[in-house]
Amino acid sequence: MADLMSNDMFLAFSKYATIVVLKMMFMAPLTGYFRITRKEDRKKMLQTNPDVERVRRCHQNDLENIISFVVIGLLYAFTGPDLSTALLHFQVFVGSRFIHTVSYLLALPQPSRGLSWVVGIITTFSMAYRVLTTALFL
Amino acid sequence: MADLMSNDMFLAFSKYATIVVLKMMFMAPLTGYFRITRKEDRKKMLQTNPDVERVRRCHQNDLENIISFVVIGLLYAFTGPDLSTALLHFQVFVGSRFIHTVSYLLALPQPSRGLSWVVGIITTFSMAYRVLTTALFL
Amino acid sequence: MADLMSNDMFLAFSKYATIVVLKMMFMAPLTGYFRITRKEDRKKMLQTNPDVERVRRCHQNDLENIISFVVIGLLYAFTGPDLSTALLHFQVFVGSRFIHTVSYLLALPQPSRGLSWVVGIITTFSMAYRVLTTALFL
């Protein structure tokens, strides 16, 4: 079992998957912070604050996209791609999610948010394509 | 590491997990499409459109169920089931999620949606049962 | 492939990951039960019932936290920790999520819910720390 962790590919995936999951986990305390500073809790959800809603939607978008990345990225790591190609996929995805979060939270003008989201999707599709061709035509 | 990808069971799991995750990813642009065609964005979330809400709930239901399948299905693949039994589980689950999505989006009369949801749950339980018996009584 | 399932560490992870995912899956029928008993469905989402909302938020919180645990816990299991240390992490996390769910659903006075949530987060961080140190400084 320790063999897997001496494999460069698996190490690279572990590193980037952990970083991006930690980033996602950071959204929860951030929501709490916004809820307290925007005093949303006082009236028990009768009113929703637009800032709090923005953090929540950003968290939800993370959930949807990071899950896809983690599942497809793990399978992709086992298809034996070049290490440099795999690193490029992992780094572009993780970078795109950080840019997405910053664009969302600071409400930067579009297309910064939309573009970073699309880049993450394309990276995941590219890995899914390799997994499917490996799994279907081996 | 490449050994795993020459394993039929792991290939089968990779194939179906990737297909069902790609299906889930398709819900995000679909939500965007509905939001634009139903003009939900114009008033900044003050009003919600029932069609847009339906796509969102379908996406959320996908998230909840597909995550369970991916986690339990991966562990199940390592318990050494018959390949034909495993394929049956994977295919029934993925089929049930496609039927679920179509039933949800076209608002087909119940129990089409409820039934397809239950079939997916039962498939996941069946795999979880095997994982637990393997993990507990080895 | 069967080798992995004869590994105590992987078995331990499989057991606790499956248990906590099954717990999460249980939230969906529970939401349905609350929706029926609180008659939320009658007016098609025009009104939301606070009890139903509580189950939904608990489910969402499960999704966010259990995904992080499953991803980071799987990678952690491959870093070769002591079996007893790993078991402690897995058990504390799973226990904290059960306490969290009970606190949420019964609306127990704080800090029961907040504390159980924090304990789960700390457990996940502790495993993420080991994954990152292994992946970065090998």
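Residues numbered from 1 in each chain as written. Chains lettered and ligands numbered in written order. Predicted model: local features only at pLDDT ≥ 70, side-chain atom pairs only at ≥ 80, totals over all residues. Heavy atoms only, no water.

**What about the overall build of chain A?**
Point 1. Along its length, chain A carries six helices and zero strands.
Point 2. Of the regular secondary structure in chain A, the N- to C-terminal order runs α-α-α-α-α-α.
Point 3. Taking all 138 residues of chain A together, 53% fall into the buried category.
Point 4. The long-range fraction of contacts in chain A, counting pairs at least 24 apart against all pairs at least 6 apart in sequence, stands at 72%. (Helix = DSSP H or I, 4+ residues; strand = E, 2+ residues; numbered from the N terminus. Buried < 20%, exposed > 50% of the residue type's maximum accessible area, 1.4 Å probe, protein only. Contact = heavy atoms within 4.5 Å.)

**What about the relation of the copies chain C and chain B?**
Point 1. If you rotate chain C by 120 degrees and push it 0.0 Å along the axis, it lands on chain B with an RMSD of 0.0 Å. Here the symmetry operator amounts to a three-fold rotation axis. Ranked by how close their C-alpha atoms come to the rotation axis, the residues of chain C are headed by C:Ile67, at 4.5 Å. (Least-squares fit on C-alpha atoms with pLDDT ≥ 70 in both.)

**Section: the interface of chain A and chain C**
Point 1. Counting from both sides, the interface comprises 25 residues of chain A and, opposite them, 28 residues of chain C.
Point 2. Roughly 2,200 Å² of surface becomes buried between chain A and chain C when both sides are summed, with 84% attributable to carbon and sulfur atoms.
Point 3. Across the contact surface, chain A and chain C share zero salt bridges.
Point 4. Every element with two or more residues in the side of chain A that touches chain C is listed here: α1 (2–5), α2 (8–25), α3 (27–37) and α4 (50–77) of chain A.
Point 5. The element that contributes the greatest number of residues to the side of chain A that touches chain C is α2(A), accounting for 12 residues.
Point 6. Within the side of chain A that touches chain C, the residues separate by chemical class into 19 nonpolar, five polar and one charged. (Buried area = accessible area lost by both parts, 1.4 Å probe. Salt bridge = Lys/Arg side-chain N within 4 Å of Asp/Glu carboxyl O. Nonpolar A, V, L, I, M, F, W, Y, C, P; charged D, E, K, R; others polar.)

**Quick look at the interface of chain C and chain B**
Point 1. Taken together, the 24 residues of chain C in the interface contact 28 residues of chain B.
Point 2. Summed over both partners, the interface of chain C with chain B buries about 2,200 Å², with 84% contributed by carbon and sulfur atoms.
Point 3. Viewed at the interface, chain B and chain C are joined by zero salt bridges.
Point 4. Scanning the region where chain C abuts chain B turns up one residue pair in polar contact (both at pLDDT 80 or more).
Point 5. Of all the secondary structure elements, the ones that give two or more residues to the side of chain C that touches chain B are α1 (2–5), α2 (8–25), α3 (27–37) and α4 (50–77) of chain C.
Point 6. In terms of residue count, α2(C) provides more of the side of chain C that touches chain B than any other element does, 12 residues in total.
Point 7. Its residues assigned to classes, the side of chain C that touches chain B comprises 19 nonpolar, four polar and one charged. (Polar contact = N/O pair within 3.5 Å; in protein donor to acceptor, adjacent residues only side chain to side chain.)

**Points about the UniProt feature "transmembrane region" (unreviewed entry) in chain A**
Point 1. Using the residue numbers shown here, the UniProt feature "transmembrane region" (unreviewed entry) corresponds to residues 16–36, 63–80 and 114–132 of chain A.
Point 2. Helix and strand shares over residues 16–36 of chain A are 95% and 0% respectively, and the end C-alpha atoms of the span are 31 Å apart. (UniProt positions renumbered as here; feature names shortened; annotations may be inferred.)

**A word on empty space enclosed by the protein**
The rolling of a water-molecule-sized probe over the atoms marks out the regions of remaining empty space.
Point 1. Under the defined criterion, the tally for this structure stands at four cavities of 30 Å³ or more.
Point 2. Size it by volume and the largest cavity reaches roughly 290 Å³.
Point 3. Among the residues making up the lining of the largest cavity, the classes are represented as 18 nonpolar, no polar and no charged.
Point 4. Counted as a void, the second largest cavity has a volume near 50 Å³.
Point 5. As for the second largest cavity, its lining consists of A:Met24, A:Met25, A:Ala28, A:His59, C:Glu64, C:Asn65, C:Ser68 and C:Ile121.
Point 6. Put simply, the parts of the chain that give the lining of the second largest cavity at least two residues each are α2 of chain A together with α4 of chain C.
Point 7. By residue number, the principal contributor to the lining of the second largest cavity is α4(C), which donates three residues.
Point 8. When grouped by side-chain class, the residues that make up the lining of the second largest cavity number four nonpolar, three polar and one charged. (1 Å grid on protein atoms, 1.4 Å probe; cavity = no way out; pocket = protein on both sides within 12 Å on 5 of 7 lines; lining within 4 Å. Points joined across faces, edges and corners; volume = space filled by probe spheres on them.)

**Details of a nonpolar patch on the surface**
All names here are of chain A.
Point 1. The grouping of Leu88, Val92 and Val119 at the surface amounts to a nonpolar patch, some 220 Å² of accessible area in total.
Point 2. When you line up the elements, Val119 lands in helix α6 (residues 112–137).
Point 3. Note on Val119: relative accessible area 34%, which makes it partly exposed. (Patch = residues over 30% accessible without salt bridge, like charges linked within 9 Å, V, L, I, M, F, W, Y side chains within 5 Å. Areas by Shrake-Rupley, 256 points an atom, 1.4 Å probe, with all protein chains shown as cover.)

**Examining the side chain of C:Thr124**
Point 1. Here C:Thr124 is to be found in helix α6 (residues 112–137).
Point 2. With relative accessibility at 1%, the residue C:Thr124 sits in the buried group.
Point 3. Once residues lying within four places of it in the same chain are set aside, the contact partners of C:Thr124 are A:Met25, C:Ser68, C:Phe69, C:Ile72 and C:Phe93.

**Considerations on the packing of helix α4 (residues 50–77) of chain B against α4(C)**
Point 1. It is the contact of α4(B) with α4(C), at a shortest axis distance of 11 Å, that shows an interaxial angle of 30 degrees. As far as their axial angle goes, α4(C) and α4(B) are roughly parallel. Note that α4(B) runs across α4(C); the crossing there is left-handed. Contact with α4(B), carried on its side by B:Gln60, B:Leu63, B:Glu64, B:Ile67, B:Val71 and B:Leu74, involves C:His59, C:Gln60, C:Leu63, C:Ile67, C:Val70 and C:Leu74 of α4(C) and no other residues of that element. (Axes fitted to C-alpha atoms, helices over the stretch in contact; angles between N-to-C directions. Parallel < 35°, antiparallel > 145°, perpendicular 65-115°, else oblique. Left-handed = near helix turned anticlockwise from the far one by under 90°.)

**Concerning the nonpolar core**
Point 1. Counting 99 residues, the largest nonpolar core has A:Phe90, B:Phe90 and C:Phe90 as the members making the most contacts within it.
Point 2. Residue contacts for A:Phe90: discarding those within four places in its chain leaves A:Ala12, A:Phe13, A:Tyr16, A:Phe69, A:Gly73, A:Tyr76 and A:Met127.
Point 3. Listed in part, the eight residues of the second largest apolar core include A:Leu30, A:Phe34, A:Val52 and A:Val55. (Core = buried A, V, L, I, M, F, W, Y, C linked by side-chain atoms within 4.5 Å.)

**Some remarks on the environment of B:Val52**
All names here are of chain B.
Point 1. Position of Val52 relative to the elements: it lies in helix α4.
Point 2. Assessed through its relative accessible area of 0%, Val52 is described here as buried.
Point 3. Taking the C-alpha atoms as reference, Val52 lies 9.0 Å from Tyr33; in sequence the two are 19 residues apart.

**Regarding the packing of aromatic side chains**
Residue and element names in this part refer to chain B.
Point 1. Applying the stated criterion across every chain, the model contains 27 aromatic pairs over all chains.
Point 2. Ring geometry for Phe13 and Phe69: centres 6.4 Å apart, planes at 35 degrees, overall tilted. A residue pair is termed long-range when its members are at least 10 positions apart, and Phe13 in helix α2 (residues 8–25) and Phe69 in helix α4 qualify at 56 residues.
Point 3. Relative accessible area serves as the criterion here: at 2%, Phe13 is assigned to the buried category.
Point 4. The exposure class of Phe69 is buried, given its relative accessible area of 0%. (Phe/Tyr/Trp six-rings, centres within 6.5 Å; stacked < 30°, edge-to-face > 60°.)

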